[in-house]
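Tertiary structure, described
In case you want the letters, here they are:
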Number of protein chains: 2
Amino acid sequence: MTNSENTILTVGSLAFDTVETPAGKADQVLGGSCNYFSIAASFFTPVQIVGVVGQDFPQNHLETLNSRGIDISGVEISAGKTFHWSGKYNQNLNEAQTLATDLNVLENFNPKLSPEHQKAPYVFLANIDPDLQLKVLEQNECSKLVACDSMNFWIEQKKEQLLTTLKKVDVLCINETEAYLLSGESNLSSAADKIFSLGPKTIILKRGEYGAALFTPTCTFAIPAYLTSKIVDPTGCGDSFAGALMGYIAKENLDRNTLTENPELWSKALKHAILNGCVMASFTIEDFSLNRIIKLDKTEFLERKSQFEKMISI
Amino acid sequence: MTNSENTILTVGSLAFDTVETPAGKADQVLGGSCNYFSIAASFFTPVQIVGVVGQDFPQNHLETLNSRGIDISGVEISAGKTFHWSGKYNQNLNEAQTLATDLNVLENFNPKLSPEHQKAPYVFLANIDPDLQLKVLEQNECSKLVACDSMNFWIEQKKEQLLTTLKKVDVLCINETEAYLLSGESNLSSAADKIFSLGPKTIILKRGEYGAALFTPTCTFAIPAYLTSKIVDPTGCGDSFAGALMGYIAKENLDRNTLTENPELWSKALKHAILNGCVMASFTIEDFSLNRIIKLDKTEFLERKSQFEKMISI
């Protein structure tokens, strides 16, 4: 598969999840940041996955990804078991309590990019060990845009490596609690100022059921989440938010120079990207695993997007 | 003082507060729902207060209220001490931990409305014992609009009286956690549906640093809060939010019939009312007590309102 000018290369986890929420429980279901991200992004643009699974990973799921135009040639099938995450959400759905993390084949993963993948114009480093993020980044000759997610665990355990990665990142997309932890600040504006100094000049802060905020050196923007009554499982909402967001940025063919050359256009595009991210997340939460977004069609998506725009306009 | 067609009558507390936040501590400073509400509302429309203070209450503060066109003839000065609330906020500024509540003169307060107050066209029942809210409501021949606030304590301790009050209330303005408690539901949409059945057909849910949501039978709307880096004390943010909101509704001369006769106009006006409420709250949080909003001028308010509109528009 050759690259288009809109192709996104993503590295992250492909996983089995065991999840408990107030709405029920799901055992050993498909998950992982890369899975959620790539399915969401595939609504907008071609996607290439770099990742690893064990021999227990269902072949038909890889075929499903492939049938959506997602390039899975970078998914290594390794001897052993697929990464497994187990977590629980209590009434506060904004924060998961991790019960178990079995790295399995992810433990010795050493990503090697194919010549095509080395030339992918957009890179999204999903939530994964910053060492792996960096390895992918170093092999890619991407010149357009790099975006990145992370989590509390890496901020606390691998801060130095994460800071090295961040120097090469244009767009950082993390939760607000992670932004507080990373910056040491206690309000969003100050946190954003601090993070600007670490590298990324565009910061998207995910706020769970409260939507998201955007900070660039010239723009501050906040948006609530879509208000829904169907809430089943928030797992993957942040990853699918990022998928639709990044998918939109790539489809619009934006690059890092837009920020400095046309900040007005950049912030307008980012706002639309975030809007798409919120809509995608509002579907993800309606069912366990990838169940809802895998059967989502473009018409439903656009209908809700239009509802959402009405919900937030004055 | 005679009523204009835009006058709001409000009943609530006038208090001394002792507050501790991550930004510092304030001892025995002016507070109370009625104080915050009336100062905020006075930016928009004439206000009449019904309340009680002790002999320790500073005369010059009553004069300050008076100088802003707030009718204090319904403020009873009673033998004894003014109501005192003491509370503490930890990192989560959305929820105060109450350390002490000394009712003092509020304990035996029995509001009696003057003939003018009985004819006030708008009534706002600030957060106070639902028995007192009901007493005021029964004496007022208001025909235009009644709005109401409450809190967890009354929902738990005086639910029956609160439900009696709610039957006569057009606009309920409470925190989202209070809405969950009142409705027994666990998402905002279902909570709103349940509360519709209790009386109020317009529900405004305050979400602290995350803004607010509006529910009417024909409209769902959500707005984030103004993102600020100056955060000192959230006490009174909800009350001043309600003051600006209600002030705008009264200034626009809306009444309960607008909801059924012109739901489009009603929801548009309510959105603007909420916008004003968010801006007012963003000033309140910048200092302890009433300090910031008492020195706020209309120009500053309008400047931030315009900034805020930019911050939330796509």
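Preceding this section is the structure that the text describes.
For the structure given in this document, a descriptive report is provided here. Since we're looking at a predicted model, the values are computed, not measured.

**A short note on the overall build of chain A**
- In terms of helices and strands, chain A carries 13 helices and 13 strands.
- The C-alpha atoms of chain A give 18 Å as radius of gyration, which agrees with the globular expectation for 314 residues (20 Å, within 12%).
- On the principal axes, the C-alpha backbone points of chain A span a range of 50 × 45 × 40 Å.
- Looking at chain A residue by residue over its 314 residues, the buried ones come to 53%.
- Put simply, of all contacts in chain A between residues at least 6 apart along the chain, 70% involve residues at least 24 apart.

**A short note on the relation of the copies chain A and chain B**
- Structural alignment of chain A on chain B gives an RMSD of 0.0 Å, achieved by rotating through 180° and translating 0.0 Å along the axis. The superposition operator between the copies reduces to a two-fold rotation axis. Every residue of chain A has its C-alpha some distance from the rotation axis, and the shortest such distance is that of Pro224(A), at 2.7 Å.
- A symmetric contact is evident, with 100% of the interface residues of chain A recurring at the interface of chain B.

**A closer look at the pairing of strand S4 (residues 47–54) of chain A**
All names here are of chain A.
- Burial of S4 is extensive: 7 of the 8 residues sit out of reach of the surface.
- In the sheet, strand S1 (residues 8–11) pairs with S4 via 4 bridges, with the strands oriented parallel. Each bridged residue has a counterpart across the sheet, and for Ile 8 the counterpart in S4 is Val 47.
- Judged from the 7 bridges that link them, S4 and strand S5 (residues 70–78) form a sheet pairing that is parallel. Within the sheet, the bridge partner assigned to Val 50 lies in S5 and is Gly 74.
- Where the polypeptide runs from S4 across helix H2 (residues 59–67) and back to S5, its parallel neighbour, the crossover connection is right-handed.

**With respect to unusual backbone geometry**
All names here are of chain A.
- Although it is not a glycine, Gln 28 adopts a positive phi angle of roughly 50°.
- Position of Gln 28 among the secondary structure elements: in strand S3 (residues 24–31).
- Look at Gln 28 and you get partly exposed, because 15 C-beta atoms sit within 10 Å.
- The phi angle at Asn 253 is positive, at roughly 60°, despite the residue not being glycine.
- Within the element layout of this structure, Asn 253 appears in the loop between helix H9 (237–251) and helix H10 (256–261).
- Owing to 16 C-beta atoms within 10 Å, Asn 253 belongs among the partly exposed residues under this scheme.

**Observations regarding the sheet that holds S5(A)**
All names here are of chain A.
- Here we have 9 strands laid out as an open sheet, ordered S5-S4-S1-S8-S9-S10-S11-S12-S13, and mixed in their pairing. The sheet is open, and its two edges are formed by S5 and strand S13 (219–223), each paired on a single side. The mean inter-strand angle of the sheet, taken between neighbouring strand axes irrespective of direction, is 15°.
- Sheet strands touched by helix H1 (residues 33–41): S1, S4, S5 and strand S8 (122–125). Its angle to S4, the strand with the most contacts, is close to 155°.

**Let's talk about the environment of Ala225(B)**
All names here are of chain B.
- Note that Ala 225 resides in the loop between strand S13 (219–223) and helix H9 (237–251).
- Judged by the 25 C-beta atoms lying within 10 Å of it, Ala 225 falls in the buried class.
- Separated by 43 residues in sequence, Ala 225 and Lys 268 place their C-alpha atoms 18 Å apart.
- Setting aside residues no more than four positions away along its own chain, Ala 225 makes contact with Glu 209, Tyr 210, Gly 211, Cys 278 and Ser 282.

**Thoughts on H9(B)**
Residues and elements named next belong to chain B.
- With 15 residues, H9 should reach 21 Å at 1.5 Å per residue; the first-to-last C-alpha distance of 21 Å fits that figure.
- The element H9 is largely enclosed, with a buried count of 14 among its 15 residues.
- Where H9 ends, the next residue or the one after it, Asn 253, has phi of about 60°, a positive value.

**Things to note about the interface of chain A and chain B**
- Chain A puts 25 residues into the contact, and the matching count from chain B is 25 residues.
- Looking at the side of chain A that touches chain B, the elements with two or more residues in it are helix H8 (188–196), S13, helix H11 (263–284) and helix H13 (298–312) of chain A.
- Here the side of chain A that touches chain B takes 4 residues from S13(A), the largest share from any one element.
- In the side of chain A that touches chain B, the residues fall into 14 nonpolar, 9 polar and 2 charged.

**Details of the environment of Thr218(A)**
Residue and element names in this part refer to chain A.
- Mapped onto the elements of the fold, Thr 218 is located in the loop between strand S12 (212–216) and S13.
- Accessibility expressed as a C-beta count within 10 Å gives 12 for Thr 218, which makes it exposed.
- Between the C-alpha atom of Thr 218 and that of Ser 42, which follows or precedes it by 176 residues, the distance is 30 Å.

Conventions used here
Residues numbered from 1 in each chain as written. Chains lettered and ligands numbered in written order. Predicted model: local features only at pLDDT ≥ 70, side-chain atom pairs only at ≥ 80, totals over all residues. Helix = DSSP H or I, 4+ residues; strand = E, 2+ residues; numbered from the N terminus. Rg over C-alpha atoms; globule rule 2.2 N^0.38 Å. Buried ≥ 20, exposed ≤ 12 C-beta atoms within 10 Å, placed from the backbone. Contact = placed C-beta atoms within 7 Å. Least-squares fit on C-alpha atoms with pLDDT ≥ 70 in both. Pairing = 2+ DSSP bridges. Right-handed = clockwise from strand over helix to strand, strands pointing away. Axes fitted to C-alpha atoms, helices over the stretch in contact; angles between N-to-C directions. Expected span 1.5 Å × (residues − 1). Nonpolar A, V, L, I, M, F, W, Y, C, P; charged D, E, K, R; others polar.

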